[in-house]
Amino acid sequence: MNPAPAATTNNASEELKYFLELTGIPRPSGHLARIRKYLTGFASQHGLECKTDESGNVLIIKPGTEEKTIILQSHQDMVPQSLRDFDFENDKLNVIIEDGWIRADGTTLGADDGAGMALMLSALNSLECSAALECLFTADEETGLCGASGIGNSWLSGKYLINLDNEDVNEITIGSAGSADIVSEFIPEPGGEERVYRMTADGLLGGHSAGMIDSGRANAIVLAAEFLSSLEGVKISSFESGTVPNAIPSKAEVCFSCDGDPFAAMDEFRKSIKKRFSDSDPGIETYLEFCGKRTVWSASFTGKILRTILECPNGTIEKDRYGVKTSSNIGIMRGNQDNAVLVIKPRSSDGKKLAELVGTIKEIMAGAGGRTDCTDIFPEWKEPEDSELIGAAVDVYKRVFGRDPVVTVTHGGLETSVLKEKYKETRMISVGPTITGAHSPDEKMDIGTLSGMRVFLFELIGELAENDHYWKRRLRKT
Ligand SMILES: [Zn+2]
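Residues numbered from 1 in each chain as written. Predicted model: local features only at pLDDT ≥ 70, side-chain atom pairs only at ≥ 80, totals over all residues.

Draft legend 1. View of the overall build of the chain. Helices and strands together make up the secondary structure of the chain, namely 11 helices and 24 strands. The C-alpha radius of gyration of the chain comes to 25 Å, within 12% of the 23 Å expected for a compact globule of 478 residues. Over its C-alpha atoms, taken along the principal directions, the chain stretches across nearly 80 × 55 × 40 Å. Per-residue burial for the chain yields a buried fraction of 48% across its 478 residues. Partitioning the intrachain contacts of the chain with sequence separation of at least 6 by distance along the chain shows that 80% fall at a separation of at least 24. (Helix = DSSP H or I, 4+ residues; strand = E, 2+ residues; numbered from the N terminus. Rg over C-alpha atoms; globule rule 2.2 N^0.38 Å. Buried ≥ 20, exposed ≤ 12 C-beta atoms within 10 Å, placed from the backbone. Contact = placed C-beta atoms within 7 Å.)

Quick look at the structure:
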């Protein structure tokens, strides 16, 4: 490949200059001391009030009319993913600008959410308006919304909050899905030692369980369970599939014994799934090999686990006008002779539906004798559709971009859901430039959309600041 020129700050716009500066500051989740120092340093250089808290959050305040306070929010941390060895805790990213896009050389770029931070620094540096700004830089969003969860109830006073962690310039997001991780542990019944085969399902595309759940892509755990349940007298020895609850598992490896020869059944199964998933997973493949003698689970315990996997809801469950409303992802299945663990992630933008779905899944798990725990529970977030902030954002968007925005609810999670629980009266939206491949080494950002977002953001703040009717309803002061 021809070496693309490294990005420089010469001729870069203000927001891009800040963005490039941020790519030089290591900030993987859990290692935010450097970025925190940069932000507090920025505040003192600019003579701005700055607060920090125990969770690692940073709040920089730009003075203005106090009754007109607007909160801008982004997160400090980034997901560290790379194609080869890269020291995310100490090294600057190697950034490349090509064809109007910016990316990093073989690593995540951290536009999620360096883009939001750059826009906020740009606003703190050069936005002139009468409103006061509370610029909130949260810690460790990517590892479970930790910073946002730790924010005190009286840290913020703004009536409006603009979250800058959206990845599509065409959208104004007004809601997000709630989710939970359901973890169930089973103690296997031993079934003796038998001749064992290893089946592998591979070449599936997988993907994020929020964005790709409705893609029709195959789930490797479900595929393996379907194949095994088609065999007579099947007994599992080990099951390995899935890495995190919020990704569709793209590979499965299962060792098992069965009555008779499974090779003919595997040929049939391979043919049928290649046909079934020819559009969504064109590279799908299965393999089968004999792998010696091993201890296996009993046939009844094996049957229980397979039925549990196949009974649990997986994929899109319900849609509404914004897209997927309720879904479930069977994310991890791991088992050996000591234990078996199944992890499922349900999501819904309707809190009642989520609670129902969690109940259904727990019931199925309990029926199979699993010890079940529900962790990482995040609430849904839904803005009232007549919110003055949404109206203002749509009007300003049309003015700035010359087209209608897509007003939408994301099936993913956002920090606004956690912030809304503490600041119920605050009106919120989420916007941002176009970023593709976030959380992967393919991550890149459309530079033009970052500049477009800056114009939009500055105009929207100006619109809110200069019109008193946005401020008539007083917020309760804490
Ligand atoms: Zn993010």
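Draft legend 2. Here's a closer look at the nonpolar core. Of all hydrophobic cores here, the largest spans 74 residues; its most connected members are Ile70, Leu72, Ala115, Met120, Cys135, Ile162 and Leu464. Each residue touching Ala115, except ones within four places of it in the same chain, is listed here: Phe19, Leu164, Gly432, Pro433, Ile435, Met445 and Leu450. One finds Ala180, Phe227, Ile236 and Val296 within the second-largest nonpolar core, a separate group that totals 50 residues. (Core = buried A, V, L, I, M, F, W, Y, C linked by C-beta atoms within 7 Å.)

Draft legend 3. Structural context of the environment of Gly203. Tracing the chain through its elements places Gly203 in the loop between strand E10 (190-202) and strand E11 (207-208). Classification of Gly203 as partly exposed rests on a count of 16 C-beta atoms within 10 Å. Taking C-alpha positions, Gly203 is 9.6 Å from Ala220, a pair spaced 17 residues apart along the chain. Not counting residues up to four positions away in its chain, the partners in contact with Gly203 are Gly283, Ile284 and Glu285.

Draft legend 4. Highlighting the domain arrangement of the chain. Domains assigned within the chain are domain 1 (14-177 + 381-471) and domain 2 (180-378). Centre-to-centre, using C-alpha coordinates, domain 1 lies 36 Å away from domain 2. Taken together, the 12 residues of domain 1 in the interface contact 12 residues of domain 2. Of all the secondary-structure elements, those providing two or more residues to the side of domain 1 that touches domain 2 are strand E21 (406-410) and helix H10 (415-422). Classifying every residue of the side of domain 1 that touches domain 2 gives 4 nonpolar, 7 polar and 1 charged. (Domains from an automatic or database assignment. Nonpolar A, V, L, I, M, F, W, Y, C, P; charged D, E, K, R; others polar.)

Draft legend 5. Molecular detail of helix H8 (residues 351-367). Taking 1.5 Å as the rise per residue, H8 with 17 residues should run 24 Å; its terminal C-alpha atoms sit 24 Å apart, in good agreement. Inspection of H8 places Leu354, Leu357, Val358, Ile361, Ile364 and Met365 among the buried residues, and these make up the whole buried set. Buried residues of H8, seen end-on, are gathered within an arc of 130° and therefore sit on one face of the element. Seen from the open side of H8, the exposed residues pointing more than 90 degrees away from its buried face are Lys352, Gly359, Glu363, Ala366 and Gly367. Buried positions along H8 lie against strand E9 (178-186), helix H7 (299-311), strand E17 (323-335), strand E18 (340-348) and strand E19 (371-378). Remark: Gly369 follows H8 within two positions and exhibits a positive phi of approximately 85°. (Expected span 1.5 Å × (residues − 1). Arc of directions from axis to C-beta.)

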